[in-house]
Amino acid sequence: MIQSQDRSYYIGASDTSIVVGNWNTKTFEKWWLEKLGLNRNYFSNEATKAGNNYEHKILEALEIEDLEKDKQIIIDRLRVNLDGNTNTCIYEVKTHNAKKKFKVSKQYWRQAQVEMYASKIYKLYIVAYALEEKDYKNYFNKIDKKRIEQIEIQYDKKFIENEYKPRLKILTDCLKRGIFPKEEL
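Residues numbered from 1 in each chain as written. Predicted model: local features only at pLDDT ≥ 70, side-chain atom pairs only at ≥ 80, totals over all residues. Heavy atoms only, no water.

Asks: Describe the pairing of strand 2 (residues 68-75), with residues and values.
Replies: Of the strand pairs in this sheet, strand 2 and strand 3 (residues 78-85) are connected by 7 bridges, and their pairing is antiparallel. Note that in strand 3 the partner of Gln72 across the bridge is Asn81. Linking strand 2 to strand 3, which pair antiparallel, is a turn of 2 residues; within it Asp76 sits at a positive phi near 60°. (Pairing = 2+ DSSP bridges. Helix = DSSP H or I, 4+ residues; strand = E, 2+ residues; numbered from the N terminus.)

Asks: Tell me what's going on with the packing of aromatic side chains, and back it up with residues and numbers.
Replies: The geometry of an aromatic ring pair is captured by two quantities: the separation of the ring centres and the angle between the planes. For the coordinates displayed, the defined rule picks out 10 aromatic pairs. Aromatic side chains Phe28 and Trp32 sit 6.1 Å apart centroid to centroid with 10° between the ring planes, which places their arrangement in the stacked category. You can see Phe28 and its partner Trp32 sitting in helix 2 (residues 26-35), 4 residues apart, about one turn around the helix. Both residues of the pair, Phe28 and Trp32, count as buried. The interplanar angle of 15° and the centroid separation of 6.2 Å between the aromatic rings of Tyr91 and Tyr125 together place this pair among those described as stacked. Of this pair, Tyr91 sits in strand 4 (residues 90-97) while Tyr125 sits in strand 5 (residues 124-131), and the two are 34 residues apart along the sequence. (Phe/Tyr/Trp six-rings, centres within 6.5 Å; stacked < 30°, edge-to-face > 60°. Buried < 20%, exposed > 50% of the residue type's maximum accessible area, 1.4 Å probe, protein only.)

Asks: Which residues make up the nonpolar core, and what are the values?
Replies: Within the largest apolar cluster, 33 residues are counted, with the highest numbers of intra-cluster contacts made by Ile11, Trp32, Leu78, Val80, Tyr164 and Leu171. Per-element tally for this core: the top contributor is helix 6 (residues 157-177), with 7 residues. Once residues within four sequence positions are removed from consideration, Leu78 is found in contact with Ile11, Gly12, Ile73, Val114, Tyr117, Ala118, Tyr164 and Leu168. (Core = buried A, V, L, I, M, F, W, Y, C linked by side-chain atoms within 4.5 Å. Contact = heavy atoms within 4.5 Å.)

Asks: Describe helix 4 (residues 106-119), listing the residues and the values that go with them.
Replies: Taking 1.5 Å of rise per residue, the 14 residues of helix 4 would be expected to cover 20 Å, and the 20 Å separating its terminal C-alpha atoms lies within 8% of that figure. Of all 14 residues in helix 4, 10 are buried, a share of seventy percent or more. Immediately beyond the C-terminal end of helix 4, within one or two residues, lies Lys120, with a positive phi of roughly 60°. (Expected span 1.5 Å × (residues − 1).)

Asks: Provide a residue-level description of helix 3 (residues 46-61), including the pertinent values.
Replies: Owing to its 3.6 residues per turn, the α-helix aligns residues three or four sequence positions apart on the same side. Helix length check: helix 3, at 16 residues, gives a terminal C-alpha distance of 22 Å against a target of 22 Å (1.5 Å per residue), a fit within 8%. Along its length, helix 3 shows its largest kink, about 40°, at Tyr54. Among the residues making up helix 3, those that are buried are Ala50, Gly51, Tyr54, Glu55, Ile58, Leu59 and Ala61. If you follow the buried residues of helix 3, they end up packed against strand 2, strand 3, strand 4, strand 5, helix 5 (133-137) and strand 6 (148-153). The distance from a side-chain oxygen at the start of helix 3 to the backbone nitrogen of Ala47 is 3.0 Å, and the residue carrying that oxygen is Asn45. Where helix 3 terminates, the next one or two residues include Glu63, which has phi positive at roughly 55°. (Bend = angle between axes of the 7 residues up to and from the residue. Polar contact = N/O pair within 3.5 Å; in protein donor to acceptor, adjacent residues only side chain to side chain.)

Asks: Give me the side chain of Ser119: which residues, what numbers.
Replies: Position of Ser119 among the secondary structure elements: in helix 4. Given a relative accessible area of 16%, Ser119 falls into the buried group. Within polar-contact distance, the side chain of Ser119 engages the backbone oxygen of Glu115 at 2.8 Å. The residues contacting Ser119, other than those within four sequence positions of it, are Ile73, Leu82 and Ile90.

Structure, rendered in structure tokens:
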């Protein structure tokens, strides 16, 4: 669970879809201004609040020995926060509304790739937890282990080497120089 909401000057694993996406959009421009420290994003809603409040309880319900929570890895301007990990596996918690079946989105898959790359831990499970209406209203509900689903994500070195790292390098350089990047790929 991340305490600081300041996302300036660093590129996170959850930013991966923007890193490899189209840089010629208003969305990218707004994101880049946030990275430069010129704009702040205070987005929060019922779902994100519940997810943040349940994250540690979900990890604890897994009953994994030697589980470390909230590890942060910084490599130059890349800052990756792992929800939970051991020396051999990462556990990335995602909550979702129980009314819908959980699906690993492209964004979640990309985030997982960068978490594995940065940590050099090449085994990762997305730990999906189905939140019911009562969970959004009371963050002190017990975790129902039957609502936990673990989905293994395979590491894709080609994605990291061919798509992600070249663009991360450009953005890192531009971030250090305080300039707007030009998409030249």
